[in-house]
Structure formats: structure tokens, C-alpha cells
Amino acid sequence: MNTKLKVEHLSKVFVNKRGEKLKALDDICIEVDESEFVVLVGPSGCGKSTLLNIIGGLEKATEGSIKIDDREVSGPGADRGMVFQGYSLFPWLDVRKNVEFGLKMQGVAKTERAERAQKYIEMVGLSGFEKALPKELSGGMKQRVAIARTLAANPEMLLMDEPFGALDAQTRVVMQELLSHISSRMKNTILFITHDIDEAILLGRKIYVMSPRPGRIKRMLEVKIEGERNHNTLIRPEFLEIKKNIMDMLWEEDLKGGEK
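What comes next concerns the included structure.

Rules and cut-offs
- Residues numbered from 1 in each chain as written.
- Predicted model: local features only at pLDDT ≥ 70, side-chain atom pairs only at ≥ 80, totals over all residues.
- Heavy atoms only, no water.
- Helix = DSSP H or I, 4+ residues; strand = E, 2+ residues; numbered from the N terminus.
- Buried < 20%, exposed > 50% of the residue type's maximum accessible area, 1.4 Å probe, protein only.
- Pairing = 2+ DSSP bridges.
- Contact = heavy atoms within 4.5 Å.
- Axes fitted to C-alpha atoms, helices over the stretch in contact; angles between N-to-C directions.
- Phe/Tyr/Trp six-rings, centres within 6.5 Å; stacked < 30°, edge-to-face > 60°.
- Lys, Arg positive; Asp, Glu negative; His and termini not counted.
- Salt bridge = Lys/Arg side-chain N within 4 Å of Asp/Glu carboxyl O.
- Polar contact = N/O pair within 3.5 Å; in protein donor to acceptor, adjacent residues only side chain to side chain.
- Core = buried A, V, L, I, M, F, W, Y, C linked by side-chain atoms within 4.5 Å.
- Patch = residues over 30% accessible without salt bridge, like charges linked within 9 Å, V, L, I, M, F, W, Y side chains within 5 Å.
- Areas by Shrake-Rupley, 256 points an atom, 1.4 Å probe, with all protein chains shown as cover.
- Charge placed at Lys NZ, Arg CZ, Asp CG, Glu CD.

Considerations on unusual backbone geometry
Reasoning step 1: Here the bond from Arg-213 into Pro-214 is cis, since omega is 0°, no more than 30 degrees from zero.
Reasoning step 2: Note that Pro-214 resides in the loop between β9 (206–210) and β10 (217–222).
Reasoning step 3: Phi is positive for Asp-27, close to 55°, though the residue is something other than glycine.
Reasoning step 4: Structurally, the position occupied by Asp-27 is in strand β2 (residues 21–33).
Reasoning step 5: Notably, Glu-162 is not glycine yet its phi reads approximately 45°, a positive angle.
Reasoning step 6: Of the residues examined, Glu-162 reaches a relative accessible area of 11% and is grouped as buried.

A few points about the sheet that holds strand β5 (residues 71–72)
Reasoning step 1: Read across the sheet, 4 strands follow the order β2-β1-β4-β5 without closing on themselves; strand pairing throughout is antiparallel. At either margin of the open sheet sits one strand with a lone partner, and together these are β2 and β5.
Reasoning step 2: Pairing of strand β4 (residues 63–68) with β5, which is carried by 2 bridges, proceeds in the antiparallel orientation. Bridge assignment links Lys-67 to a residue of β5, and that residue is Glu-72.
Reasoning step 3: Lying over the sheet, helix α1 (residues 48–55) contacts β1 (3–15), β2 and β4, oriented at roughly 120° with respect to β1.

Brief notes about the side chain of Gln-176
Reasoning step 1: Assignment of secondary structure puts Gln-176 in helix α5 (residues 169–186).
Reasoning step 2: Once residues lying within four places of it in the same chain are set aside, the contact partners of Gln-176 are Phe-164, Glu-199, Leu-202 and Leu-203.

Quick notes on the packing of aromatic side chains
Reasoning step 1: Across all of its chains, the model carries 4 aromatic pairs by this definition.
Reasoning step 2: A ring pair is formed by Phe-90 and Trp-92, whose centres lie 5.3 Å apart and whose planes are at 50°; its orientation type is tilted.
Reasoning step 3: Residue classification places Phe-90 among the partly exposed positions, given a relative accessible area of 23%.
Reasoning step 4: Taking relative accessible area as the criterion, Trp-92 reaches 61% and is therefore assigned exposed.
Reasoning step 5: A ring pair is formed by Phe-90 and Phe-101, whose centres lie 4.4 Å apart and whose planes are at 50°; its orientation type is tilted. One end of the pair, Phe-90, is in the loop between β6 (80–83) and α2 (95–105); the other, Phe-101, is in helix α2, with 11 residues separating them in the sequence.
Reasoning step 6: Counting every residue linked through ring pairs, the aromatic cluster contains Phe-37, Phe-164 and Phe-192.

Description of the pairing of β2
It is a general feature of regular strands that their side chains alternate between the two faces of the sheet.
Reasoning step 1: Pairing analysis gives 9 bridges linking β1 to β2, with the strands arranged antiparallel. In the strand pairing of β2, Thr-3 is matched with Asp-33.
Reasoning step 2: Where β1 folds back onto β2 in an antiparallel hairpin, the turn is made up of 5 residues, including Gly-19, whose phi is positive at roughly 80°.

Some details on the side chain of Arg-149
Reasoning step 1: Tracing the sequence through the fold places Arg-149 in helix α4 (residues 139–152).
Reasoning step 2: Although buried, Arg-149 forms no salt bridge, and the nearest oppositely charged side chain, Asp-94, lies 11 Å from it.
Reasoning step 3: Engagement of the side chain of Arg-149 in a polar contact is seen with the backbone oxygen of Ser-88, the distance being 2.9 Å.

So, the nonpolar core
Reasoning step 1: Core analysis: the largest hydrophobic core is formed by 49 residues, its most contacted members being Phe-192, Ile-201, Ile-207 and Ile-246.
Reasoning step 2: Other than its neighbours up to four places away in sequence, Ile-201 contacts Ile-207, Val-223, Ile-225, Arg-229, Phe-239, Ile-242, Lys-243 and Ile-246.
Reasoning step 3: If you look at the next biggest cluster of nonpolar residues, it comprises 25 residues, including Val-38, Leu-51, Ile-66 and Ile-68.

A short note on a positive patch on the surface
Reasoning step 1: Residues Lys-97, Lys-104, Lys-110 and Lys-131 make up a contiguous surface patch of positive charge.
Reasoning step 2: Inspection of the secondary structure puts Lys-97 in helix α2.
Reasoning step 3: Classification of Lys-97 as partly exposed rests on a relative accessible area of 46%.

This is how it looks when you write it as C-alpha cells:
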């Protein structure tokens, strides 16, 4: 299988107004294969979002390299589509026009824009809501629009920063199952970050567990759970075993932090 994304020895140091240095990421090495769903899981403040922003070209690394298809990443690009926790929808545009917006910016013809938008609106389960404004949608529906808009632009890779973090528990599970289904159908390459262990195991085929700040890769786990994953997966023995392993790793890091 071809390697889509390769991050090698990446570190990030921020400097505050007083000139003090704060290391957010330390020697990060990860690989994402083509059509693979990879999850980064770790505690709040471990640098997950910073890492995703660097991969997306929104921030610069202090050290290390990022390559997509062996091309060095030097800034934002249409090859990467980003989905954030905030929906970032245009409140004055309806669902269809929000999904079409990126295509319009790319110069895609009106007829093709409409066809592609409708395809992804149907894929995320929003048929019948094409003319609805964001204020008329629930949180889960808004995130469906954001996902449809990103998919419509046909990026080579999706970068997802806790996209379901603001949703209620039931809606979150529905959205997790929807994304899992879309990923299986479309064979997207996805790098997804979360601090929710259940979410990481439910979605990921490979999980990188991160330590508290400065963020480091503590371990990589392969998720070997056969068959379709849904809410029933949460009680399967193999799921619970992986969850225990991750919780033990994070608990071990918490104990280390308490001993300092």
C-alpha cells in the first residue's frame, strides 16, 4: 500500500510575548497510507490540533518534515480538506450553496457544481434540506453540511479536528457511524483527531496515542475489529481490550505527570 502522508521528526516550539519558549510537539513521526483512516488520540492540550494545522499548512513546524505523496508540504493546498469542530458555514447561504461554495471558488461550472453538491448532500443524508439555512439546522445537520462541502471539493486527504466534539452523545454516535460508512464507501484517506477513546477505536484502522505536552507519539496501535463498526461495536471484547490498553497508556502518563 502506498504511503500518502509521512511526518518525520516534527517538533513545534511557540514563543510567548515574554520570549519564553513552549514546546508543543516533540519528535513526531507518523505515517498514513492511501485510503487509510488514522486517528490521533490524546489528552486535551497535547498538541493534536497544532499537529493537524501544521499538516494542513496553516502553521509552520519548528523542525522536521511533512510529505504528501513524497511532496514536501509548504502551505495550504486543495489536496487537503479540513473539517473542524466549528461548522464554519456561511449563515446567509442555504445548504446547497454552502456545499457548492468551494467548487465555485475553484471555477467549477454551475451545472457540475450542482451535480456534485447534490451527490454529497444525499450521501450525508440531507436530501430535502437543500434550501435550508444553517440557522434552521441542528448541530449534527450543520456538521453534515461541512463534511459534504469538504468531500465535494474532492481532496486527496481529509484532516478532521474533533469534528463531533460539540455534539450531544446520541448525535455524535450517529455521525461517527455516518463517517465510518462514507469512509468505507469512498476509500478516503483520513487523519482524524480526538480525545475520545471510544471514537478513536470506532473509527480508526490505526491509532497513534499521544502523550501530554509536549506531545509525543507514545505508541501506535492497529485496530483489528472485523466487520462493520457501529454502536454495537462498543461492547465487543476486542473493542474493550483495545480501550483498556489505551486507557492504561494515558493513565501511566498521568501518573508520570503527578510525580514531577
